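Structure at a glance
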Protein chains: 2
Amino acid sequence: MCAAYKNLSPAALKETYDVVKAHFDALKEKALKLNMARGKPAKAQLDMVSDILTVLSDPADCVVDGVDVRNYGELSGIMAAKRLFADILGCKPEECFIGGNASLTLMYDTISKAYTHGLLHSEKPWCKLDKVKFLCPAPGYDRHFKITESFGFELITVPMTPTGPDMDLVEALIKDPAVKGMWCVPKYSNPDGIIYSDETIHRIAAMKPAAPDFLLMWDNAYCVHEFEGEFVPFEDILTLCREAGNPDMVFEFASTSKITLPGAGVSVMAASVDNQAYMQKLISIQTISYDKVNALRHVLYLKDRAHTLELMKKHAAIMAPKFQCVLRWLDTEIAPLGIAEWQKPKGGYFVSVNTAHGLAKRTLALCKEAGVVMTGAGATFPYGIDPNDSNIRIAPSLPPVEELEQAMDVFCTCLKLAALEQLTA
Amino acid sequence: MCAAYKNLSPAALKETYDVVKAHFDALKEKALKLNMARGKPAKAQLDMVSDILTVLSDPADCVVDGVDVRNYGELSGIMAAKRLFADILGCKPEECFIGGNASLTLMYDTISKAYTHGLLHSEKPWCKLDKVKFLCPAPGYDRHFKITESFGFELITVPMTPTGPDMDLVEALIKDPAVKGMWCVPKYSNPDGIIYSDETIHRIAAMKPAAPDFLLMWDNAYCVHEFEGEFVPFEDILTLCREAGNPDMVFEFASTSKITLPGAGVSVMAASVDNQAYMQKLISIQTISYDKVNALRHVLYLKDRAHTLELMKKHAAIMAPKFQCVLRWLDTEIAPLGIAEWQKPKGGYFVSVNTAHGLAKRTLALCKEAGVVMTGAGATFPYGIDPNDSNIRIAPSLPPVEELEQAMDVFCTCLKLAALEQLTA
């Protein structure tokens, strides 16, 4: 099975098909139930951080900087949590708003408030505009695209390159004043695992959009999430935007969902002080504050960036063998066949496989038949439509390695089968 | 000082004024810094529930009903939390959506989604309508009014009576299809401390609004919050609305903010199963779930309604002396003078004082001068405008009784002074 499929004769293809089909049938017999659908941390990672459950046990510890975290108040969060996130992100504490357990909610609410009330430099709320367009580098994160789709925006696909979004195209598109913003995952992008190049990041920070209220949604979800090698530093996007004359263009988001507990972490929205003043006035109508007790748990548990990076090394020790497993299967089983390509990320939560056109849906349907659930085909594109039916997101974090071995056997078999079906049709 | 001011001669009024003014000046000398502005629980109440900080300490306890609360998932919350709130509210677990630490956020988001996407029976999102009107029984909760004001709705004041909102007026107003909803705090209403009568509640449930998507915002904030006497049972508003043919009209809200920790409680939104299906589809874009770890802490700590009511008795033991203090000062110092009236609530967090017209602002300005911060005058009315400049909300929960004695001395003195200024002007 080591020759590229395109070089095989029809007879050899048929023979290969029979072999792969027999293996597929055998795998189906096992009635597996495996899941590589979402970037969920594994139980071992959750158990590893168990001390956060009890780090705050004494009521006397609940008062910090004169604030009793148990009571109402402090809309933007406790200063100690702002200092922690500022240390991690490289911005200033006063540029941080501390949220609840989901940065997704902070992102949704930012877009929602742009829609209902407008942003700092908006002429009117976006719901009063005939048309709002949003740039979606793709493949990208399905939940991002869904937010902007949910508000009826027109999603414009921008191709991802190995250095980030195609900036020539972005710079052309933002000349349209109806283009109101862009989604970005700058480090270990979901799903490709790409780190935007310095040049890309500087070009983004220096954009001159026609829309005065252009909204750069900077989801730094994997800012400290290396699973291989040393921590890769990044520049502070707030500083870059400010220096480029765009101080209020960017909202940056991060969370501890994949540092401590996915269901009970703490999130942050970083933005210019002027943006904070504007947004917090709106947010003050929505809440009195997010959970400050849990924020304090995180401050006590994570301490600072250096200590957080030490914890991330422990996550890496659990994650790395899983990614190595995925990449080994792909390198061994798929690479020689010339039916797919992929990045080799060193951080984040995904491996993104681009198959020969027209194979993604069929591959995932076969996987499902054989008991392996994956992220739906097309999910990584706006409106869930992958024009080439090619991108597949593998999320190997949840299953133990033993299960992953089985799941990757299934995945590689199904990808081959889909390719052979196409070639022999 | 025991005769009603209106019966005093000009000379006696002047004499009384001098005495009161001298006392006011003496109080000012003390340079007090006291706060009766918001319904914040006292430190003693927070300390009382300290065990909730450590009730969930073993990672093995983090899996309930097959769900690992630490990880992503379970948008609507854990079943155990739904059972707890259903037990407290009298509705069904499947009618409950478990939120974060703020029912205010669930309320805001419900209104926001009506505005951006529309409700289950909306013809279009409310942002696409020329006019949205909302009924605001007043005096009421300033944060409710602010939400609807923030979205540009026209707020219509409905007078509160001792049995709840003036239902004759409500039934007339809802014939206007632009009237899209109403705020209600049915038990120990904020600020009057009124419990809506059975008749009022049944009339509300049986309303026939012209708007098909009329939104009854039922904030059951003080559902188990007696500070005097036994628990007062209440009917399940979801059942009443269903029986009256309005199954989807009501959204009920509650939280543990004043049961466990104000800054780190758990909230609930109860609504028909059809409403849940519709809303959860929208909420699924906004979050993966609220904090399930904290929800589980609450389940373990509060257990059920009966156990929660036992805890509320302990809160009552702390709260009752404070309300007795407020009412004693009012009864002794103000009642004989005929310059104000008030309810005598047995639960909730407020005492609502209605002064002779035109005294509220001046009274609170004088209080501020003497170092006592209170809820701003007018705050209990739509747009912050009390047409009679009469309603003052006293929030006695935060200060210890010793401080409260001082604060009430100040308050009564300032109210007298304001009245005497008016009468001698």
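Residues numbered from 1 in each chain as written. Chains lettered and ligands numbered in written order. Predicted model: local features only at pLDDT ≥ 70, side-chain atom pairs only at ≥ 80, totals over all residues. Heavy atoms only, no water.

1. Structural notes on the packing of helix H4 (residues 103-116) of chain B against helix H5 (residues 142-150) of chain B
Residues and elements named next belong to chain B. Put simply, the rule reads: Helix axes are fitted only over the stretch in contact, all axes being lines through C-alpha atoms; the angle between N-to-C directions runs from 0 to 180 degrees. Comment: elements are numbered from the N terminus, with helices defined as DSSP H or I runs of at least four residues and strands as E runs of at least two. When describing relative orientation, an angle under 35 degrees is termed roughly parallel and one over 145 degrees roughly antiparallel, while 65 to 115 degrees is termed roughly perpendicular and anything else oblique. Here is the rule for handedness: rotate from the far helix to the near one, and if that takes an anticlockwise turn smaller than a right angle the crossing is left-handed, while a clockwise turn gives right-handed. For this analysis, residues touch if any pair of their heavy atoms sits within 4.5 Å. Classification convention: Asp, Glu, Lys, Arg as charged; Ala, Val, Leu, Ile, Met, Phe, Trp, Tyr, Cys, Pro as nonpolar; all other residues, Gly among them, as polar.
At a minimum axis separation of 10 Å, H4 and H5 run at an interaxial angle of 25°. With respect to their mutual orientation, H4 and H5 come out roughly parallel. The way H4 lies across H5 gives a crossing that is right-handed. For the pair H4 and H5, the contacting residues are Leu104, Met107, Tyr108 and Ile111 in the first and Arg143, His144, Ile147 and Thr148 in the second. Of the residues contributing to the contact of H4 with H5, the split by class is 5 nonpolar, 2 polar and 1 charged.

2. What to know about the sheet that holds strand E12 (residues 340-342) of chain A
All names here are of chain A. Selection rule: Only strands joined by at least two bridges in the DSSP assignment are considered to pair.
The sheet built from 3 strands is open, its strands ordered E12-E13-E15 with antiparallel pairing. Each edge of the open sheet is held by one strand with a lone partner, namely E12 and strand E15 (391-394). The mean angle between the axes of side-by-side strands here comes to 25°, regardless of whether they run parallel or antiparallel. Pairing between strand E13 (residues 351-355) and E15: 4 bridges, direction antiparallel. Paired with valine 351 across the bridge in E15 is isoleucine 394.

3. As for the side chain of threonine 363 of chain A
Residue and element names in this part refer to chain A. We count it as follows: Any pair of N or O atoms that falls within 3.5 Å is considered a polar contact. Within protein, one atom must be able to donate a hydrogen and the other to accept it, and sequence-neighbouring residues count only if both atoms are side-chain atoms.
By secondary structure assignment, the location of threonine 363 is in helix H12 (residues 360-369). Within the structure, the side chain of threonine 363 is placed 2.6 Å from the backbone oxygen of leucine 359, a separation counted as a polar contact. Threonine 363 has contacts with Ile392, Phe411, Cys414, Leu415 and Ala418, leaving out every residue within four places of it along the chain.

4. As for the relation of the copies chain B and chain A
Both copies of the chain are related through a single rotation about an axis accompanied by a shift along the same axis. Put simply, the rule is: The fit set for superposing copies consists of C-alpha atoms from residues with pLDDT of at least 70 in both; the fit itself is least squares.
Least-squares fitting of chain B to chain A yields an RMSD of 0.0 Å, with the superposition described by an axial translation of 0.0 Å and a rotation of 180°. When the rotation and shift are considered jointly, the pair of chain copies conforms to a two-fold rotation axis. Using C-alpha coordinates, one finds that chain B approaches the rotation axis most closely at threonine 54 of chain B, a distance of 3.0 Å. The residues that chain B uses at the interface reappear at the interface of chain A in 100% of cases, marking a shared surface.

5. Re the sheet that holds strand E13 (residues 351-355) of chain B
All names here are of chain B. Reading across from one edge, E12-E13-E15 is the order of the 3 strands in this open sheet, with antiparallel pairing throughout. Since the sheet does not close on itself, it has two edges, and those belong to strand E12 (340-342) and strand E15 (391-394), each with one partner. Here the strands of the sheet are splayed against their neighbours by 25° on average, with no regard to which way each runs. Examined bridge by bridge, E12 and E13 share 3 bridges and lie antiparallel to one another. By the bridge assignment for E13, tryptophan 342 is matched with valine 353. Against the sheet, helix H13 (residues 401-424) engages E12, E13 and E15, with an angle of about 175° to E15.

6. Some thoughts on helix H1 (residues 10-29) of chain B
All names here are of chain B. Using the following cut-off: In this analysis, the expected span of each helix is defined as 1.5 Å times one less than the number of residues it contains. Partly exposed residues are those whose accessible area sits between 20% and 50% of the maximum for their type, while under 20% is buried and over 50% is exposed, using a 1.4 Å probe and protein chains only. What the arc describes is the spread of directions from the helix axis to the C-beta atoms.
The terminal C-alpha atoms of H1 lie 28 Å apart, and with 20 residues this matches the ideal 28 Å at 1.5 Å per residue to within 8%. Within the sequence span of H1, burial applies to Leu13, Thr16, Tyr17, Val20, Phe24 and Leu27. On an axial view of H1, the arc spanned by its buried residues comes to 110°, and they lie on one face. Exposed positions of H1 whose direction lies more than 90 degrees from the buried face are Ala11, Glu15 and Glu29. Its buried side turned inward, H1 meets helix H12 (360-369) and H13. One or two residues past the end of H1 sits alanine 31, with phi positive at roughly 50°.

7. Here we look at the pairing of strand E10 (residues 250-255) of chain B
Residues and elements named next belong to chain B. Burial within E10 is extensive, with 6 of its 6 residues counted as buried. Side-chain alternation along E10 places Val250, Glu252 and Ala254 on one buried face and Phe251, Phe253 and Ser255 on a second face that is also buried. The sheet contact formed by strand E9 (residues 215-219) and E10 spans 4 bridges and is parallel. Paired with tryptophan 218 across the two strands is glutamate 252, which belongs to E10.

8. Brief notes about the environment of arginine 83 of chain A
Assignment of secondary structure puts arginine 83 of chain A in helix H3 (residues 79-89). For the pair formed by arginine 83 of chain A and tyrosine 5 of chain A, sequence separation is 78 residues and the distance between their alpha carbons is 55 Å.

9. Overview of the packing of aromatic side chains
All names here are of chain A. For the record, the criterion: Pairing of aromatic rings covers Phe, Tyr and Trp, the last through its six-membered ring, and needs centres within 6.5 Å; plane angles under 30 degrees mean stacked, over 60 mean edge-to-face, and all others mean tilted.
Tallied over the entire structure, the rule returns 24 aromatic pairs over all chains. Seen in terms of ring centroids, tyrosine 108 and phenylalanine 151 are 5.3 Å apart; in terms of plane orientation they differ by 50°. Their pairing is tilted. Of this pair, tyrosine 108 sits in helix H4 (residues 103-116) while phenylalanine 151 sits in the loop between helix H5 (142-150) and strand E6 (154-161), and the two are 43 residues apart along the sequence. When its relative accessible area of 2% is taken as the criterion, tyrosine 108 is described as buried. Relative accessible area serves as the criterion here: at 5%, phenylalanine 151 is assigned to the buried category. Taken together, a centroid distance of 3.9 Å and an interplanar angle of 20° make the contact between phenylalanine 227 and phenylalanine 323 stacked. Here phenylalanine 227 is found in the loop between strand E9 (215-219) and helix H8 (237-243), whereas its partner phenylalanine 323 is found in helix H11 (residues 305-334), with 96 residues between them in sequence.

10. Here's the deal with the confidence of the model for chain A
Applied cut-off: Every residue is assigned a pLDDT by the predictor, reflecting its confidence on a scale from 0 to 100.
Looking at chain A as a whole, the pLDDT averages 97, with 100% of positions reaching at least 70. Here strand E1 (residues 34-36) of chain A stands out as the element of chain A with the lowest mean pLDDT, 91, in contrast to E9 of chain A, whose mean of 99 is the highest.

11. So, the interface of chain B and chain A
Rule in force here: When two parts are brought into contact, each loses some accessible area as probed by a 1.4 Å sphere; the total of that loss over both is the buried area. Salt bridges, as used here, are contacts in which a Lys or Arg side-chain nitrogen is within 4 Å of a carboxyl oxygen on Asp or Glu.
Every contact between the two is made by 55 residues of chain B and, on the other side, 55 residues of chain A. Carbon and sulfur atoms supply 54% of the area that chain B and chain A bury against each other, a total of about 4,700 Å² over both sides. On the surface where chain B and chain A come into contact, there are 2 salt bridges. Its salt-bridge partner being arginine 70 of chain A, residue aspartate 47 of chain B comes within 2.8 Å of it at the nearest N-O pair. Taken together, the links from chain B to chain A amount to 20 residue pairs in polar contact (both at pLDDT 80 or more). Contributing elements (two or more residues each) for the side of chain B that touches chain A: helix H2 (43-48), H4, H5 and helix H10 (292-302) of chain B. Residues belonging to the side of chain B that touches chain A are distributed by class as follows: 23 nonpolar, 18 polar and 14 charged.

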